[in-house]
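# A structural walkthrough
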Amino acid sequence: MSSYAPLNLILVFLVSFILTNSSTPIALNQTTNIGVIIDEVSRAGKEQKTAIEIAVQKLSSDPRNHKLAIHFKNSKGDPLEAASSARDLIDKQNVQVIVGTDTWEETAVVAKIGQRAKIPVISLSSDTLQPLSRLQWPFLVHMSNLDMSDEINCIASIVQAYNWKRVIVVFEDNMYGGEYRAVSLLFEELQKIGSFIEQSVVVPHYTSSFDPKETILDNLVNVLKTKQSRVFIVLKSSLPTATRVFEEANKLGLMGQDSVWILGNSFSSFLDSLDPSVFQFMQGALGVKTYYSDKSAQFLDFKSNFKTVFRSNYPKEEKFEPGIYAIRAYDSIETISLALANLGNLNDTEKLMDTIIAFNNFSHLTGTIAFQKEKLSELFQLVNIIGKSYKDLGFWSPGSGFSKSLGLGGQQSVRQLAVNWPGDLINRIPKGWAMPSNGKKMKIGVPDATSFDRFVKVEWIESTNETRYTGFCIDVFEAVVKALEEKYEYTLPYEFVNHSGSYGDMVDQVYYKNYDAVVGDVTILYNRSRYVEFTQPFIESGLSMVVPVKSDTQQAWKFMKPFTVEMWLATLSILLYTMFVVWFMEHQVNREFRGPWKDQLGTALWFTFSSLFFSHREKIQSNHSKVVVMTWLFVVFILTSSYTASLTSILTVRMLEPTVRDIDWLRKTNAPVGCDPDSFVGDYLTNVLKLKNIKNVSRQEEYPENLKNGNISATFLELPYQKYFLNEYCNEYTAVGPSYKFGGLGFIFPKDSPITDDVSGAILSLMEDGKIREIENEWLDAPQTCSSSNPGLETERLTLASFWGIFLISALASTLSLLIFLYRLLHNQIEQRIISLHGPRWNNESRWRKAVRIVQIVLSLNRNQVQPRESTNEWAPQTPHRWESVSPTEVPEHLEIGRPTQLEIPMRKMDQN
């Protein structure tokens with residue numbers, strides 16, 4: 001038995017080898033049934049059927065590939081038909097995989113049926129609205145983006161880039177409501193960027209029993225008459241329906257300038273197969289379509305075959321170019337074939353599903369396929385319809401945004417793209433809105449009870465039975481409306497409506513859509529701007545305190561007014577310092593500065609004060625003193641000139657002093673203050689300035705009355721009111737304290753109003769042209785009697801801050817001269833001591849020895865320690881040629897020196913400085 005064991009092992013090995021090598025032919029001889037569910041009547045279905053037939057024919061021609069049997073079913077665009085077709089394919093045709101379904105409704109029902117039968121379903125739809133997990137849909141694969149959110153994000157990015165606030169969404173209706181979920185998703189994305197859907201244009205399905213053309217026309221006419229937005233987004237629509245929409249829009253003039261049309265992927269995907277005659281109705285529209293490369297050799301070969309087969313199968317079609325639907329269908333069959341080639345057991349559909357998902361980075365017509373979470377990574381292409389075709393503008397991807405070229409990833413804004421807009425608009429971006437054609441006027445609220453009627457005045461005219469609106473703000477708005485007609489070429493129909501409430505309530509009425517706008521003296525505040533939108537301010541605003549003024553009662557001391565207290569003290573200090581320095585240096589050599597100390601002090605004071613008027617007569621002997629006096633005279637010249645000019649202004653102009661100096665006094669005394677009760681001022685005074693005793697003053701003429709009779713000590717007015725009030729009441733009131741700035745006066749519109757930008761532009765244009773300044777002069781300028789008055793505070797006093805520089809120069813010059821003088825004085829004293837100790841030997845000693853002796857003298861410069869070598873009468877008259885009492889400067893030879901004073905120091909006569 002043991003001799004047959006090797007033979008048995010060899011036999012087993014041969015049988016295994018034969019079975020192993022024969023398994024491939026057995027698998028290759030098997031046929032895989034593939035079910036295809038499409039709408040064979042639609043353009044997409046025709047392209048898909050042709051592409052699948054080409055793919056199967058190509059794969060069958062290669063004996064290495066598996067045999068594929070295709071079973072087509074017509075869904076007619078109905079999910080129920082698609083569900084019935086899926087059951088028939090699974091039960092009767094025994095298919096291992098299902099391909100097709102152009103809508104999410106069809107995909108959902110077919111995927112549920114495939115899940116129960118554990119049959120993979122490859123969907124060709126591109127309108128899935130939500131991310132789907134493998135746990136929820138274990139047998140579903142998408143050949144396009146898994147959800148429509150990417151397409152909607154791309155559209156929202158375009159709207160945000162051009163700052164369009166309102167849009168109109170156009171979509172095709174069906175009984176299953178999938179389009180409404182897409183509109184809801186678009187609404188959410190637009191809300192994030194501050195835009196919204198003004199109107200939804202729902203058009204019936206092209207197979208509907210209703211007349212689609214009539215319904216489309218009625219909806220577009222309603223938009224034209226009642227809506228402002230001219231930004232149309234064709235979100236989900238079939239090719240026939242969208243074509244009818246563009247035809248009717250052209251007839252109504254909705255494809256003209258300032259209109260914008262954005263085409264979603266569901267329609268833009270047909271641009272390559274669209275009849276050239278249809279392009280004339282959609283000139284300037286932007287399209288968002290799935291990108292695929294049409295330059296590869298693989299695509300060009302497929303395109304050639306497709307055109308041949310499609311022309312043969314559908315000769316009545318006008319274009320035979322393949323679109324994205326054909327490409328996805330072709331790639332789906334290739335994907336299945338590759339999965340089968342890597343699958344051992346063809347009947348194991350669960351492993352077939354896993355094998356399809358496992359594929360990554362292999363080339364197909366749509367590019368490099370890489371399934372990520374059961375979907376393909378795709379790129380959107382932005383196109384612009386021009387002539388009989390379209391031009392490429394750039395690309396958009398979910399993670400990178402816009403780019404002009406592939407691979408640049410978000411390095412360019414869509415606003416930089418060269419777009420040909422509807423109506424041949426090239427030089428500027430369309431506004432995206434227009435006034436409705438129904439003639440409905442804007443309802444504009446106007447405050448009917450303002451404190452200052454120069455800004456807004458509402459009065460009833462009995463003779464004409466009408467309300468008249470006048471004032472600075474009204475004239476500015478009318479000028480803006482006229483500028484809109486000239487600059488933007490449209491008329492702004494409006495009517496004024498009286499508002500009797502507060503300004504805050506008037507702002508709320510705009511927020512709640514009861515007013516379309518507000519025209520008046522409304523201050524731009526942060527809290528208000530959260531709910532409404534303000535235009536560019538047409539006049540500045542702020543808040544300041546206005547108080548009565550009184551004449552200056554301190555007439556006797558007006559000569560002190562030019563300088564502040566600090567300035568007077570500094571001037572006196574530098575004067576006394578200069579006096580001391582001059583006296584110290586002059587009394588050594590100048591007889592006029594000698595004598596008893598009382599005489600010396602009087603002479604020094606007289607000399608210094610008389611120099612203020614350049615009338616001093618004392619002669620200056622010392623060169624050091626001359627430097628000090630020269631600098632001092634320069635300071636005197638500047639001080640006297642400034643003082644004279646300031647005093648002249650004080651004496652010739654009537655000075656008015658405020659009765660209240662600052663807000664702190666109001667807080668401490670709890671003095672009453674007045675303000676407008678309908679404005680924000682009262683809250684500001686209470687919450688910010690911490691004032692408590694606040695009284696309401698409603699009319700302009702009530703302010704002087706309350707201030708004069710003492711009901712209020714001060715009033716707080718906004719800057720435009722303050723300017724007019726002070727001009728009206730000359731020399732009676734003045735503004736004191738700081739001015740608290742605000743955003744200015746502006747007009748109010750709703751947050752989403754497209755008119756705001758145009759009105760702001762018109763205001764800026766009027767300000768640059770000087771038109772608003774002319775209106776301001778007409779309403780708010782002072783009367784002629786006040787043109788030369790000075791209702792302000794007293795002339796500004798001269799402070800130390802303006803003169804500390806010259807004071808510093810004078811002090812430095814005096815100090816430096818004094819230091820030099822003291823140095824020379826000390827030097828002569830040391831030399832005198834040395835000579836008195838060493839006598840004639842000093843001149844014969846070396847320099848080194850002299851230096852040593854000088855150091856010794858400095859260290860022992862004390863009369864108790866340093867004694868003369870012998871008692872010599874150095875002050876005797878017999879040696880006048882060698883010793884006498886002098887200063888560090890040269891003493892004139894004719895000067896007779898008497899007995900030295902206590903401050904005189906005997907020293908050697910020096911050469912003249």
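Refer to the structure above for everything that follows.
This text gives an overview of the structure that appears in the document. Every chain's residues receive numbers from 1 upward, in the order its sequence appears when written. Given that this is a predicted model, residues contribute local features only at a pLDDT of at least 70 and side-chain atom pairs are listed and counted only at 80 or more, while totals for whole chains, interfaces and linings are drawn from all residues. Neither water nor hydrogens contribute to the side-chain values; these are computed over all heavy atoms in the structure.

Another point: the sheet that holds strand S6 (residues 166-172). Criterion used throughout: strands pair if DSSP finds at least two bridges between them. In this description a helix means any DSSP run of H or I spanning at least four residues, a strand means any run of E spanning at least two, and both kinds are numbered starting from the N terminus. Taken in spatial order, the eight strands make up an open sheet running S7-S6-S8-S9-S10-S13-S14-S15, and their pairing is mixed. Two strands bound the open sheet, and with one partner strand each, they are strand S7 (196-203) and strand S15 (401-403). Ignoring which end each strand starts from, the neighbouring axes of this sheet average 25 degrees apart. In the sheet, strand S14 (residues 389-397) pairs with S15 via three bridges, with the strands oriented antiparallel. Paired with tryptophan 396 across the two strands is phenylalanine 402, which belongs to S15. Whether two residues are in contact is decided by their heavy atoms, any of which lying within 4.5 Å being enough. Lines fitted to C-alpha atoms define the axes, with helix axes restricted to the stretch in contact, and inter-axis angles between N-to-C directions lie between 0 and 180 degrees. Along the sheet, helix H5 (residues 149-161) makes contact with S6, strand S8 (231-236), strand S9 (260-263), strand S10 (286-290), strand S13 (380-386), S14 and S15, crossing S8 at roughly 175 degrees.

Three labels apply to residues, based on accessible area from a 1.4 Å probe with only protein chains included: buried if under 20% of the type maximum, exposed if over 50%, partly exposed otherwise in between. Within helix H24 (residues 771-780), the full set of buried residues consists of Ile772, Ile775, Glu776, Trp779 and Leu780. The buried side chains of H24 occupy one side of the element, clustering within an arc of 100 degrees when seen end-on. Packed against the buried residues of H24 are strand S18 (466-470), helix H13 (472-487), helix H22 (719-728) and helix H23 (755-769). This arc describes the spread of directions from the helix axis toward the C-beta atoms.

This brings us to unusual backbone geometry. One non-glycine residue, lysine 76, lies in positive phi territory at about 60 degrees. For lysine 76, the location among the structural elements is in the loop between strand S2 (67-74) and helix H3 (79-91). Positive phi values are uncommon outside glycine, yet lysine 118 reaches one of about 55 degrees. Tracing the sequence through the fold places lysine 118 in the loop between helix H4 (104-117) and strand S4 (121-123). Judged by its relative accessible area of 41%, lysine 118 is partly exposed.

Turning our eyes to something else, we now look at the pattern of salt bridges. For this analysis, a salt bridge means a side-chain nitrogen from Lys or Arg found within 4 Å of a carboxyl oxygen belonging to Asp or Glu. Within the structure shown, the criterion is met by 21 salt bridges. With a shortest N-O distance of 3.2 Å, glutamate 321 and lysine 303 are connected by a salt bridge. Taken together, the residues span a long stretch of sequence, with glutamate 321 in the loop between helix H10 (297-313) and helix H11 (324-341) and lysine 303 in helix H10 at a distance of 18 residues. Among the salt bridges present, the one from aspartate 758 reaches lysine 431, with a minimum N-O distance of 3.9 Å. Of this pair, aspartate 758 sits in helix H23 while lysine 431 is found in the loop between S15 and strand S16 (442-447), placing the two residues 327 residues apart along the sequence. What emerges from the salt-bridge pattern is a single network uniting Arg43, Lys46, Glu47 and Glu317.

We now examine the side chain of arginine 43. With respect to the secondary-structure elements, arginine 43 resides in helix H2 (residues 43-60). Apart from the residues lying within four places of it in its own chain, the contact partners of arginine 43 are Phe270, Ser273, Phe310, Glu317, Lys319, Phe320 and Glu321.

Counting residues in each nonpolar core, the largest one holds 68 residues, and the members touching the most others are Trp261, Phe267, Met282 and Phe302. Looking at which element gives the most residues to this core, the answer is H11, with ten residues. Apart from the residues lying within four places of it in its own chain, the contact partners of methionine 282 are Phe246, Asn250, Met255, Leu263, Phe267, Leu274 and Ile385. Listed in part, the 51 residues of the second largest apolar core include Phe472, Val519, Ile775 and Leu780. Side-chain atoms within 4.5 Å link the members of a nonpolar core, which is a set of buried Ala, Val, Leu, Ile, Met, Phe, Trp, Tyr and Cys residues.

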